[in-house]
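Each chain is listed here by its residues.
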Amino acid sequence: MAGMSIDAAPLRQSQANKSTSFIAISGLSKTFATLQGDRIEALIDINVAISAGSFATIVGPSGCGKSTLLRILAGLIPASAGSVEIAGQKVAGPRKDIGMVFQSSILLPWRTVLDNVMLPAEILGIPRDRARSRAQELLRMVHLEGFDNKYPQELSGGMQQRASIARALLHDPAILLMDEPFGALDAMTREQMNLELQRIWQESGKTVILVTHSIPEAVFLGDDVLVMTPRPGRLAQVLPVALPRPRGLDGMATPEFGALTREIRLLLQQKGTLD
């Protein structure tokens, strides 16, 4: 699936093009003001369209605005210029059709795994019986059945992240935003989590946008890889990943996979950094 386009002019001018995009980002810029009165440009003129059900990955150097872009998409912070539309509606604040997963699982240590997964139900007013049934279904999907009554400290790091993914999916959001979800895991666990996330995405049918510092991870998971420049963050290029699915770890040793990772590294080097 090649789920994106980066042709700025049609994105801004053609309503037909916007109507076929599930997520349409147009002329998006973000500037922060410091306490000293300085202005920091985090993002400049981001234009991209994302189709429903696709898996997009974002890669770039530290401080290039990857997480800022994700938070604007989630409606957690406003853009300074431009717009984000989801299914034709402008994002103007937090939305119920978005779930988020962060680098830390942020599970509450005094709650069981099941109760942690059910937490959004309390915030959104979902009936407890329905939420419990949904949570148990999700725990099976992320291969945590039988761990309902365990506590976070009794789980490995990878299991904790799987629980946080289940929690983010409890209210059945259309979009899952993931900010370096596997950055704190060891290399072997991270590879296994990549396989798990690919499976969960294919089973759930969600639109997923994942931020990562890992070029191989971006290629392995993505239908398209958004490559960002150093701050102020611009979208340097969108690279489609035409590798067959489902992808296995052995595929990372193929010439096609290697060519894509080299292309991204070269692009980052040309932009002045390689993180």
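Fair warning: this is a prediction, and the values are worked out from it, not measured in the lab.

Cut-off values and rules
- Residue numbering note: each chain is counted from 1, following its sequence as written.
- Only residues with pLDDT of at least 70 get local features here, since the model is predicted, and only at 80 or more are side-chain atom pairs given and counted; chain-wide, interface and lining totals rely on the full set of residues.
- Hydrogens are left out, water is left out, and the side-chain values use all remaining heavy atoms of the structure.
- Two strands qualify as a pair provided DSSP detects at least 2 bridges between them.
- Comment: elements are numbered from the N terminus, with helices defined as DSSP H or I runs of at least four residues and strands as E runs of at least two.
- Each axis is a line fitted through C-alpha atoms, and for a helix only the stretch in contact is used; angles between axes span 0 to 180 degrees, taken between their N-to-C directions.
- Contacts: residue pairs with any heavy atoms within 4.5 Å of one another.
- Expected span of a helix, by definition, is 1.5 Å for each gap between consecutive residues, and there is one gap fewer than residues.
- Three exposure classes are used, based on accessible area relative to the maximum for each residue type with a 1.4 Å probe and protein chains only: buried under 20%, partly exposed in between, and exposed over 50%.
- In protein, a polar contact means a hydrogen-donor-capable atom and an acceptor-capable atom, both N or O and within 3.5 Å, with residues adjacent in sequence counting only if both atoms are side-chain atoms; elsewhere, any N or O pair within 3.5 Å suffices.
- Angle categories are assigned with fixed cut-offs, so that under 35 degrees is roughly parallel, over 145 is roughly antiparallel, 65 to 115 is roughly perpendicular, and the rest are oblique.
- The crossing is said to be left-handed when, going from far helix to near helix, the turn is anticlockwise and less than a right angle, and right-handed when the turn is clockwise.
- For this classification, the nonpolar set comprises Ala, Val, Leu, Ile, Met, Phe, Trp, Tyr, Cys and Pro, the charged set comprises Asp, Glu, Lys and Arg, and every other residue, Gly included, is treated as polar.
- What counts as a ring pair is set by centres within 6.5 Å for rings of Phe, Tyr and Trp (its six-membered ring), and what kind of pair is set by the plane angle: stacked under 30 degrees, edge-to-face over 60, tilted for all other angles.
- Charges are assigned to positions over rings by a cutoff of 6 Å between ring centre and Lys NZ or Arg CZ, combined with an angular limit of 35 degrees from the ring normal.
- Take the buried residues of types Ala, Val, Leu, Ile, Met, Phe, Trp, Tyr and Cys, join any two whose side-chain atoms come within 4.5 Å, and each joined set is a nonpolar core.
- pLDDT measures the predictor's confidence residue by residue and takes values from 0 up to 100.

(A) Representation of the sheet that holds strand S7 (residues 98-101) in the model. Spatial strand order, S7-S8-S9-S4-S10-S11: six strands in an open sheet with mixed pairing. With partners counted over all chains shown, the strands left at the sheet margins are S7 and strand S11 (235-240), one partner each. Recorded for the sheet is a direction-independent mean angle of 15 degrees between the axes of neighbouring strands. Where helix H3 (residues 66-73) meets the sheet, its contacts fall on strand S4 (55-59), S7, strand S8 (175-179), strand S9 (207-212) and strand S10 (224-228), and the angle it forms with S8 comes to roughly 155 degrees. Where helix H10 (residues 255-270) meets the sheet, its contacts fall on S4, S10 and S11, and the angle it forms with S11 comes to roughly 175 degrees.

(B) Representation of helix H8 (residues 187-204). Counted at 1.5 Å a residue, the expected span for H8 with its 18 residues is 26 Å, and the 25 Å between its end C-alpha atoms agrees. Buried within H8 we find Arg190, Met193, Asn194, Glu196, Leu197, Gln198, Arg199, Ile200 and Trp201. Packing partners of the buried residues in H8 comprise S4, helix H6 (128-141), helix H7 (157-169), S8, S9 and helix H9 (215-221). The opening residue of H8, the one whose side-chain oxygen lies 3.2 Å from the backbone nitrogen of methionine 188, is aspartate 186. Looking one or two residues beyond H8, the residue adopting positive phi is glycine 205, at roughly 75 degrees.

(C) Representation of the side chain of serine 214 in the model. Here serine 214 is to be found in the loop between S9 and H9. A polar side-chain atom of serine 214 sits 3.1 Å from the main-chain amide nitrogen of glutamate 217. In contact with serine 214, not counting residues within four places along its chain, are Val59 and Arg190.

(D) View of the packing of H7 against H8. Axis separation between H7 and H8 bottoms out at 10 Å; the angle between their running directions is 25 degrees. In this view, H7 runs roughly parallel relative to H8, as classed from their interaxial angle. The handedness of the crossing between H7 and H8 is right-handed. Seen from H7, the contacting residues are Gly158, Gln161, Arg162, Ile165 and Leu169; seen from H8, they are Thr189, Met193, Glu196, Leu197 and Ile200. Of the residues that constitute the contact of H7 with H8, the class distribution is five nonpolar, three polar and two charged.

(E) Geometry of the packing of aromatic side chains. Summed over the entire model, instances satisfying the criterion amount to one aromatic pair. Where phenylalanine 55 meets tryptophan 201, the ring centres are 5.5 Å apart and the plane angle is 80 degrees; that geometry is what we call edge-to-face. Of this pair, phenylalanine 55 sits in strand S4 while tryptophan 201 sits in helix H8; the two residues are 146 residues apart in sequence, bridging distant segments of the chain. The ring centre of phenylalanine 32 lies 5.0 Å from the NZ or CZ of lysine 30, which sits over that ring.

(F) Expanded view of the nonpolar core. Counting 50 residues, the largest nonpolar core has Ile165 and Ile264 as its most contacted members. The element that contributes the greatest number of residues to this core is H7, accounting for six residues. Beyond its immediate sequence surroundings of up to four residues, isoleucine 165 is in contact with Val101, Leu176, Met178, Met193, Leu197 and Ile200. Counting residues in each nonpolar core, the second largest holds 29 residues, with Leu28, Ala56, Val84 and Ile209 among its members.

(G) Spotlight on the confidence of the model for the protein. Per-residue confidence for the protein gives a mean pLDDT of 89, with 91% of residues at or over 70. In this model, residues 1-19 is a region of pLDDT below 50 whose contacts with residues beyond four sequence positions or in other chains number 40 contacts.

(H) Structural view of H7. In this model H7 runs 19 Å from its N-terminal to its C-terminal C-alpha over 13 residues, within 8% of the 18 Å that 1.5 Å per residue would give. Across the 13 residues that make up H7, a large majority, eleven, are buried. For H7, the set of buried residues is Gly158, Met159, Gln161, Arg162, Ala163, Ser164, Ile165, Ala166, Arg167, Ala168 and Leu169. The inward-facing, buried residues of H7 contact S7, helix H4 (113-117), helix H5 (119-124), H6, S8 and H8.

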